[in-house]
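# Breakdown of the fold
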Amino acid sequence: TSIWAGNWANQMYRSFDGGSSWELVEIGSTDVPNFISSGARSTLDTNVMIVGGFGFDGVRRTSDAGVTWKRVLTDARRALMYYISEALIEDTRVPGTFYGARGTTNNGIWKSVDNGATWDSISVVPSQITRGLCTIAQRADSNNILFVGCKGGVIARSDDQGRTWRRVPVLDR
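Read on for a plain summary of the structure. Quick caveat: nothing in here was measured; it's all calculated off a predicted structure.

### Structural notes on the nonpolar core
Ranked by size, the top nonpolar core spans 14 residues in total, and within it I109, V125, L133, I136, V148 and W165 carry the most contacts. Those elements that provide at least two residues to this core are β9 (98-101), β12 (133-138), β13 (146-150) and β14 (154-158). For this core, the leading source of residues is β13, giving three residues. Setting aside residues up to four positions removed in sequence, V125 forms contacts with N107, I109, T130, L133, V148 and W165. If you look at the next biggest cluster of nonpolar residues, it comprises twelve residues, including V59, V72, L73 and A87.

Next comes the structure, spelled out in structure tokens:
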């Protein structure tokens, strides 16, 4: 069983023996001030993993268990694309489909239907709901219902696979 843990400066730790021993994996230049804080592994192919993070330049993907990495999602303006914490997930009912919640003021929701190889922007959570996204989750019994955790204790819900969003009442923020 392999375990992966994010680190700073384009580095991750991985273990192939259930955490008894660890090795450092570099996914790009280590001369950067970023933190890998979100990752998702494919259930279709366990060699495929996608990662993003804080101060990150998009989403990176490996298809060979971390030997090589490729940037698969980036902003056309080269702006940082923050995927803060549990902001990249695989669809619980459609393996190989991934969602990403961009945690900057853009509030963009992205989707990949080809095991993380390519991504499409599917919506933007309105700024009236939040100034930033932190997490994304899917209701386990429905591939249509998604939730995003937002700055300020706000939760938003989509009933149409992330195309539209509405604020959900939360007690005491």
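### Description of the side chain of S158
Looking at the secondary structure, you find S158 in strand β14. Judged by its relative accessible area of 0%, S158 falls in the buried class. Among the polar contacts made by the side chain of S158, one reaches the main-chain carbonyl oxygen of T164 at a distance of 2.9 Å. Excluding anything up to four places from it in sequence, S158 contacts N144, I145, L146, R163, T164 and W165.

### Observations concerning unusual backbone geometry
Of note, A9 is a non-glycine position whose phi angle comes to about 55°, a positive value. Examined against the element boundaries, A9 turns out to sit in the loop between β1 (3-6) and β2 (11-15).

### Here we look at the packing of aromatic side chains
The description of an aromatic ring pair rests on the distance of the ring centres and on the angle between the ring planes. Counted according to the given criterion, the structure contains one aromatic pair. Each ring, one from W4 and one from W69, has its centre 6.3 Å from the other, and the planes form 80°; the classification is edge-to-face. Here W4, found in strand β1, pairs with W69, found in the loop between β6 (59-62) and β7 (70-73); they are 65 residues apart in sequence, far enough to count as distant. Judged by its relative accessible area of 16%, W69 falls in the buried class.

### Things to note about the side chain of Q11
Secondary-structure assignment places Q11 in strand β2. Apart from residues no more than four positions distant in its own chain, Q11 is found in contact with G6, L24, V25, E26, T30 and I36.

### Section: the sheet that holds strand β10 (residues 108-112)
Spatially, the four strands line up as an open sheet ordered β8-β9-β10-β11, and their pairing is antiparallel. Of all the strands in the sheet, just β8 (88-90) and β11 (120-124) have a single pairing partner and so form its edges. The average angle at which neighbouring strand axes cross in this sheet is 25°, direction not considered. When β9 meets β10, the two strands line up antiparallel, connected through four bridges. Considered in β10, the bridge of A101 is made with I109.

Criteria and thresholds
- Going along each chain's sequence as written, the residues are numbered from 1 onward.
- This being a predicted model, a pLDDT of at least 70 is required before a residue's local features are given, and a value of 80 or more before pairs of side-chain atoms are given or counted; all residues contribute to the totals for chains, interfaces and linings.
- To get the side-chain values, all heavy atoms of the structure are used, and hydrogens and water are removed first.
- Residues enter a nonpolar core if they are buried and are Ala, Val, Leu, Ile, Met, Phe, Trp, Tyr or Cys, with the set joined through side-chain atoms within 4.5 Å.
- Relative accessible area decides the class of each residue, using a 1.4 Å probe on protein chains only: under 20% of the type maximum gives buried, over 50% gives exposed, and in between gives partly exposed.
- The way it works is that DSSP assigns letters per residue, a run of H or I at least four long becomes a helix, a run of E at least two long becomes a strand, and they are numbered from the N terminus.
- Two residues form a contact once any of their heavy atoms are found within 4.5 Å.
- N or O atoms within 3.5 Å of each other form a polar contact, as long as, within protein, one can give a hydrogen and the other can take it, and as long as residues adjacent in sequence are counted only when both atoms are side-chain atoms.
- Here a pair means two rings of Phe, Tyr or Trp (six-membered ring of Trp) with centres within 6.5 Å. Their orientation is stacked below 30 degrees between planes, edge-to-face above 60, and tilted elsewhere.
- Strand pairing requires that DSSP identify at least two bridges connecting the strands.
- Interaxial angles span 0 to 180 degrees and are taken between N-to-C directions of axes, which are lines fitted to C-alpha atoms, for helices over the stretch in contact.

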